[in-house]
Every structure is written in structure tokens, then in C-alpha cells.
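Examining the three-dimensional arrangement
So you can see what is in the structure, the chains are spelled out below.
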Amino acid sequence: MSRGFTLLELLVAMLLLGLLTLPLFGSLRLGARTWSAAEAGAARVERLMAGQEALRRQIATALPRRDDAPFEGTARTLSFAGHMPMAGVPGWAMVRLRHDGGRLLLAWQPLYPDGSRGDSAETPLLDDVADVAFSYLGDEGWRSEWSGRDLPALVRLEASFTDGARWPPFVVRPAAR
């Protein structure tokens, strides 16, 4: 006489199978969360690097003081005449960097040869910015404001973010100096 499995044996087997697969699914879920966190971190670093490169490229195009577009900087803002920030658009613009509402903003206004100015535009470079500090290297050392006739030898930017992270200070030399 052939004997099959009893209901009790089937329930015990299913319980054992469930107990063995539970850690497997927990590990898969942990792996998926880790993967998502790593992707989010990589995307954040990529945005920060892109923002830093845009800042570096823009500050490097600063022109010496002009009457219609002076180089002026404080600890929180920086404005100067430089290349248009938009790729592929020739010409000069009055460029302004400022911290406002948790973002580092890049604003620009085209400067035309006849002395007139175009419509201004603004775009965020970095989000979740808690604080920024610009400083300028002159003959007397680093200082928090600049409004001289000449460009500073170097411009330094330090930034901190709302999650407590700090951006390593980076330094840019205006190319026209």
C-alpha cells in the first residue's frame, strides 16, 4: 500500500521552507536598499561636481573691472562680467552668484557692445545649500569682500549643505588676471 504525505507533514515542510527563504528575501531587500542609496549618493556627487565645474568655468572668465560691470564680491554674493553661462551662446554677460532659499543661484544678464543689457535669467546650480562663503585673495591676503579695480588673484568658495555635509573649499583663478 502506497502511503502519501499527511497534512501535518506538508504543513511542517512548508513552514521549514518559509523559514529558510525568509532570510533570503530580507537579504534581497537589504541589497536593493543599498543599491538605491548608492545610486542616490552617486547622483548627488555628480550634481555637485557639475555645479563645481560650472562655477569654476564661469569665475575663470571674469573680466577686469569695467564701469558698466564691476567685479564685486561679498561673503555671500559674487558679480562680474564674464562669458555667457549658456553653452553655445557667444558674448558677455553680467554674472551673479548668490545663496538664496537653500540654493546656490547663477544669474546672468547679457551685455551688448552698445552698452545696453538684455533680459536677465537665473538658474539654480546647487540645491540643499545651507551656507556659502566666498573669499578673495589680494595683496593683503584672503578677505571676505572685493571691490577693487583689479581682479583678485584667487576666488575661494566654501559651501555646507542641509544634510551636514561640507563641500571641500575650491579655489579659482580668474583667467584675465
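Scroll up a little and you will see the structure.
Residues numbered from 1 in each chain as written. Predicted model: local features only at pLDDT ≥ 70, side-chain atom pairs only at ≥ 80, totals over all residues. Heavy atoms only, no water.

Counting its regular elements, the protein contains one helix and nine strands. For the protein, whose C-alpha radius of gyration is 28 Å, the value lies well above the compact-globule estimate of 16 Å for 177 residues. Expressed along its principal axes, the backbone C-alpha trace of the protein runs to roughly 105 × 35 × 25 Å. Each of the 177 residues in the protein was classed as buried or not, and the buried ones make up 30%. Partitioning the contacts of the protein with sequence separation of at least 6, the portion at a separation of at least 24 is 45%. Looking at the protein as shown, the accessible area adds up to about 11200 Å², and 59% of this sits on carbon and sulfur atoms. Averaged over its 20 positive side-chain charges, the protein has a centre that lies 4 Å from the centre of its 20 negative ones. (Helix = DSSP H or I, 4+ residues; strand = E, 2+ residues; numbered from the N terminus. Rg over C-alpha atoms; globule rule 2.2 N^0.38 Å. Buried < 20%, exposed > 50% of the residue type's maximum accessible area, 1.4 Å probe, protein only. Contact = heavy atoms within 4.5 Å. Areas by Shrake-Rupley, 256 points an atom, 1.4 Å probe, with all protein chains shown as cover. Lys, Arg positive; Asp, Glu negative; His and termini not counted. Charge placed at Lys NZ, Arg CZ, Asp CG, Glu CD.)

Turning next to the nonpolar core. Of all hydrophobic cores here, the largest spans 30 residues; its most connected members are Phe71 and Leu78. At the level of elements, α1 (7-60), β2 (77-83), β3 (92-100), β4 (103-111), β5 (121-126), β6 (129-138), β8 (154-161) and β9 (166-172) are the ones that each hand at least two residues to this core. Setting aside residues up to four positions removed in sequence, Leu78 forms contacts with Ile59, Phe71, Glu72, Gly73, Val95, Arg96, Leu97, Phe134, Tyr136 and Val155. (Core = buried A, V, L, I, M, F, W, Y, C linked by side-chain atoms within 4.5 Å.)

Moving on: α1. A rise of 1.5 Å per residue sets the reference length of α1, with its 54 residues, at 80 Å; its end C-alpha atoms lie 78 Å apart and thus fit the reference within 8%. The largest bend in α1 amounts to roughly 25° and is located at Thr21, with the proline Pro23 lying one to four residues further along. Inspection of α1 places Leu48, Gly51, Gln52, Ala54, Leu55, Gln58 and Ile59 among the buried residues, and these make up the whole buried set. For α1, the secondary structure elements touched by its buried residues are β2, β3, β4, β5, β8 and β9. (Expected span 1.5 Å × (residues − 1). Bend = angle between axes of the 7 residues up to and from the residue.)

With that settled, consider the pattern of salt bridges. Using the criterion set out here, one finds seven salt bridges in the structure. For Arg57, the salt bridge goes to Glu53, with nearest N and O atoms at 3.9 Å. Of this pair, Arg57 and Glu53 both sit in helix α1, four residues apart, which is roughly one turn of the helix. Note on Arg57: relative accessible area 51%, which makes it exposed. The partner of Glu158 in a salt bridge is Arg156, and the shortest N-O contact between them spans 3.7 Å. (Salt bridge = Lys/Arg side-chain N within 4 Å of Asp/Glu carboxyl O.)

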